[in-house]
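If you want the building blocks of each chain, they are given just below.
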Amino acid sequence: MELEDRIVSQFHNTMEINALTIEQHTPLIAEAGELLLQCLVSEQKILCVGNGGSAALAQHFSSLLLNRFHHERPGLPAMTLNDAAAMSGISEETGFADVYSKQIRALGQPGDILLLISTHGRANSLVQAIQAAHDREMTVIALSGGDGGNMAALLLPDEIEICIPGAEDALIHGAHLLVLHCLCDLIEYQLFGG
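This structure is a prediction, so every number in the text was calculated from the model and none was measured.

Caption draft 1: Structural detail: the overall build of the chain. Across its full length, the chain holds 7 helices and 5 strands. Each helix and strand of the chain, ordered N terminal to C terminal, gives the series α-β-α-β-α-α-β-α-β-α-β-α. Relative to a compact globule of 194 residues, whose C-alpha radius of gyration would be 16 Å, the chain shows 17 Å and is just as compact. For the chain, the spread of C-alpha atoms along the three principal axes comes to 55 × 40 × 30 Å. By residue count, 42% of the 194 residues in the chain fall in the buried class. Contacts in the chain between residues far apart in sequence, at least 24 positions, make up 70% of those at least 6 positions apart. Here the chain displays about 9500 Å² of accessible surface, and carbon together with sulfur accounts for 56% of that area. Averaging the locations of the 8 positively and 24 negatively charged side chains of the chain gives two centres separated by 8 Å.

Caption draft 2: Highlighting helix α2 (residues 53-66). Here α2 is 14 residues long and its end C-alpha atoms lie 20 Å apart, about the 20 Å a rise of 1.5 Å per residue gives. Those residues of α2 lying buried are Ser54, Ala55, Leu57, Ala58, Phe61, Ser62, Leu64 and Leu65.

Caption draft 3: Representation of the sheet that holds strand β1 (residues 46-50) within the structure. Strands sit in the order β2-β1-β3-β4-β5 across an open sheet of 5 strands; the sheet is parallel. The strands lining the two open edges of the sheet, one partner per strand, are β2 (78-80) and β5 (160-164). Adjacent strand axes in the sheet meet at a mean angle of 15° when their direction is disregarded. The sheet contact formed by β1 and strand β3 (residues 113-117) spans 5 bridges and is parallel. Bridge pairing in β3 links valine 49 to leucine 116. Across the face of the sheet, helix α7 (residues 169-192) comes into contact with β3, β4 (139-145) and β5 while running at roughly 145° to β4.

Caption draft 4: Main features of the state of the cysteines. In total, this model carries 0 disulfides according to the counting rule given. No disulfide involves cysteine 39; its sulfur sits 10 Å from the nearest other cysteine sulfur, which is in cysteine 48. With no disulfide of its own, cysteine 184 lies closest to cysteine 48 among cysteine sulfurs, the gap being 9.2 Å.

Caption draft 5: Representation of the packing of α2 against α7. One way to put it is that α2 packs onto α7 with a least axis distance of 10 Å and a crossing angle of 15°. Compared by their axis directions, α2 and α7 come out roughly parallel. Helix-helix and strand crossings are classified by hand; for α2 and α7 the assignment is right-handed. Within the contact between the two elements, α2 uses Gly53, Ser54, Leu57, His60, Phe61, Leu64 and Leu65 and α7 uses His173, His176, Leu177, Leu180, His181, Leu183, Cys184 and Ile187. Taken together, the residues that form the contact of α2 with α7 break down as 9 nonpolar, 6 polar and no charged.

Caption draft 6: Spotlight on the pattern of salt bridges. In total, this model carries 4 salt bridges according to the counting rule given. Linking arginine 68 and glutamate 72 is a salt bridge whose minimum nitrogen-to-oxygen distance equals 3.0 Å. Taking relative accessible area as the criterion, arginine 68 reaches 28% and is therefore assigned partly exposed. Judged by relative accessible area, which is 62%, glutamate 72 ranks as exposed.

Rules behind the numbers
- Residues numbered from 1 in each chain as written.
- Predicted model: local features only at pLDDT ≥ 70, side-chain atom pairs only at ≥ 80, totals over all residues.
- Heavy atoms only, no water.
- Helix = DSSP H or I, 4+ residues; strand = E, 2+ residues; numbered from the N terminus.
- Rg over C-alpha atoms; globule rule 2.2 N^0.38 Å.
- Buried < 20%, exposed > 50% of the residue type's maximum accessible area, 1.4 Å probe, protein only.
- Contact = heavy atoms within 4.5 Å.
- Areas by Shrake-Rupley, 256 points an atom, 1.4 Å probe, with all protein chains shown as cover.
- Lys, Arg positive; Asp, Glu negative; His and termini not counted.
- Charge placed at Lys NZ, Arg CZ, Asp CG, Glu CD.
- Expected span 1.5 Å × (residues − 1).
- Pairing = 2+ DSSP bridges.
- Axes fitted to C-alpha atoms, helices over the stretch in contact; angles between N-to-C directions.
- Disulfide = S-S within 2.5 Å.
- Parallel < 35°, antiparallel > 145°, perpendicular 65-115°, else oblique.
- Left-handed = near helix turned anticlockwise from the far one by under 90°.
- Nonpolar A, V, L, I, M, F, W, Y, C, P; charged D, E, K, R; others polar.
- Salt bridge = Lys/Arg side-chain N within 4 Å of Asp/Glu carboxyl O.

Function-wise, these values are silent; they only describe arrangement.
Quick look at the structure:
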């Protein structure tokens, strides 16, 4: 019965963190959806970054925008900055802290959005990504967890942080995935209808 109790506990913990996220962040998620929509309607693009599991979530989000979420539709301009050759080259030459900022300075344009995903917000590579996005006059939407870490303090007043109330990475990742799916749904609904 011990194994089944652990499974039940995982589901209950996930439901609890998702309920807290709904209570605390529904207006912010809607606002983030509006920012993303305006970016796309203005023919700008969304650059996505994250480390580890958050990188996988960033890649999942950009692939849903490029391809489809619920319905067949034209692709939307989004990309994840996780090209292995670029990342290894930048890491070797200048260090991992520059792995996103150099790409953002090369690819980012004023009006683009940087969607940044992190369970803790303390990675230097993500802090430097925010600074590079600001240098390129991009808007930042951050999905974080815990207290938001160092990156929360760098966000401008018109930028959005959706900080998941929790300390366990797996639960934060699960809530981030749900938020990303909500954002995809909001974008598709507003651009292409239900």
